[in-house]
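# Summary of the model geometry
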Amino acid sequence: MRWEDFRTSTNVEDRRGMGIPGGRGGLGIGTIVILGLLGWALGIDPRLLIGGAEMMQRGGFQQEQQEGRRGAPTDEMGRFAANILGNTEDVWSKVLPAQANRQYDPPKLVLFSGQTQSGCGFAQSAMGPFYCPLDKSVYVDLSFFEDMRRRFGAGGDFAYAYVIAHEVGHHVENELGILPRVQQRQREVDQRQANQLSVRVELMADCLAGVWAHNSEQRYQSLEKGDIEEAINAAQAIGDDRLQRQTSGRVVPDSFTHGSSQQRVQWLTRGLESGQISSCDTFRAERL
Ligand SMILES: [Zn+2]
């Protein structure tokens, strides 16, 4: 993917190399315990991740917000992330008005290393990239891409772009009012049904990543040979069944929150081929 030509987003906050205010762990002083408990009691986690929910740690909400460096990163991976984000802004600000009759208000991208505070609680890189609807921000530790390549054999710039576009897809779901409705519904049902709703949210984000790629290609022709295969390979590698098999040796479909490898590939492909938001309605689909 020829990403060097993309416009660099100005909505990037660079917190790499910064610690957590209040010391290591960040869950001590300043944690608003009530909110954390509330989230726990309701059984919801407001964070939406790219994969591997079982690796994640539940955090509290913290009052203190960190401020990172503003402005374009200068290192290659930082520039890559800022350019992909810039391209999602250029594409979605055209696609959303045209297909959903509404303006696009872009999310912020927070780059961090190790751990940081998000509007949805304490974040650790082990959780993988995620979107927090409460502060409308995508959080990425860029070392995740190195993990994808080494541990999951899912490297390549378009594979990494798909990860960022998936998180931006959650932001689009939020802008469309889908996330608040689903989270409301999740509070009313049991864990198994709540997981099934999560799967629909995740597969829709995969499909919306495909819609971005389709429309980006139409306008900028930046894809190169093998790019699509890279993204498909990545979607396959971070399906719940694969991750569960890797971490526990077993596959437990009821505990899926992101969808199986096959489902992720299928919905990503749908968006890629159609370029239409309407093709991503996982809530209308009888079979996922
Ligand atoms: Zn997700």
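The structure contained in this document is the topic of the report that follows. (Residues numbered from 1 in each chain as written. Predicted model: local features only at pLDDT ≥ 70, side-chain atom pairs only at ≥ 80, totals over all residues. Heavy atoms only, no water.)

### Describing the packing of helix α4 (residues 157-175) against helix α5 (residues 178-186)
- Running from amino to carboxyl end, α4 crosses α5 at an angle of 85°, the nearest separation of the two axes being 5 Å. As judged from the angle between their axes, α4 and α5 are roughly perpendicular. In this structure, α4 uses His-170, Glu-173 and Asn-174 to contact α5, whose residues at the interface are Ile-178, Leu-179 and Pro-180.
- Residues of the contact of α4 with α5, tallied by class, amount to three nonpolar, two polar and one charged. (Axes fitted to C-alpha atoms, helices over the stretch in contact; angles between N-to-C directions. Helix = DSSP H or I, 4+ residues; strand = E, 2+ residues; numbered from the N terminus. Parallel < 35°, antiparallel > 145°, perpendicular 65-115°, else oblique. Contact = heavy atoms within 4.5 Å. Nonpolar A, V, L, I, M, F, W, Y, C, P; charged D, E, K, R; others polar.)

### Description of the nonpolar core
- Core analysis: the biggest nonpolar cluster contains 68 residues, and Ile-84, Trp-92, Phe-145, Met-148, Tyr-162 and Trp-212 have the highest contact counts within it.
- When residues no more than four places from it in sequence are discounted, the contact partners of Phe-145 are Met-77, Phe-80, Val-140, Tyr-160, Val-163 and Ile-164.
- Of all hydrophobic cores here, the second largest spans eight residues; its members include Phe-112, Cys-120, Ala-123 and Cys-132. (Core = buried A, V, L, I, M, F, W, Y, C linked by side-chain atoms within 4.5 Å. Buried < 20%, exposed > 50% of the residue type's maximum accessible area, 1.4 Å probe, protein only.)

### A few points about helix α2 (residues 76-100)
- The end-to-end C-alpha distance of α2, which contains 25 residues, comes to 34 Å, matching closely the 36 Å that a straight helix rising 1.5 Å per residue would cover.
- When the local axis directions of α2 are compared, the greatest deviation, roughly 30°, occurs at Trp-92. (Expected span 1.5 Å × (residues − 1). Bend = angle between axes of the 7 residues up to and from the residue.)

### Quick word on unusual backbone geometry
- Despite not being glycine, Asn-101 has its phi angle at roughly 55°, a positive value.
- You will see that Gln-221, though not glycine, has its phi angle at about 40°, which is positive.
- Checked against the element boundaries, Gln-221 lands in the loop between α6 (191-220) and α7 (227-237).
- For Gln-221, a relative accessible area of 46% puts it in the partly exposed group.

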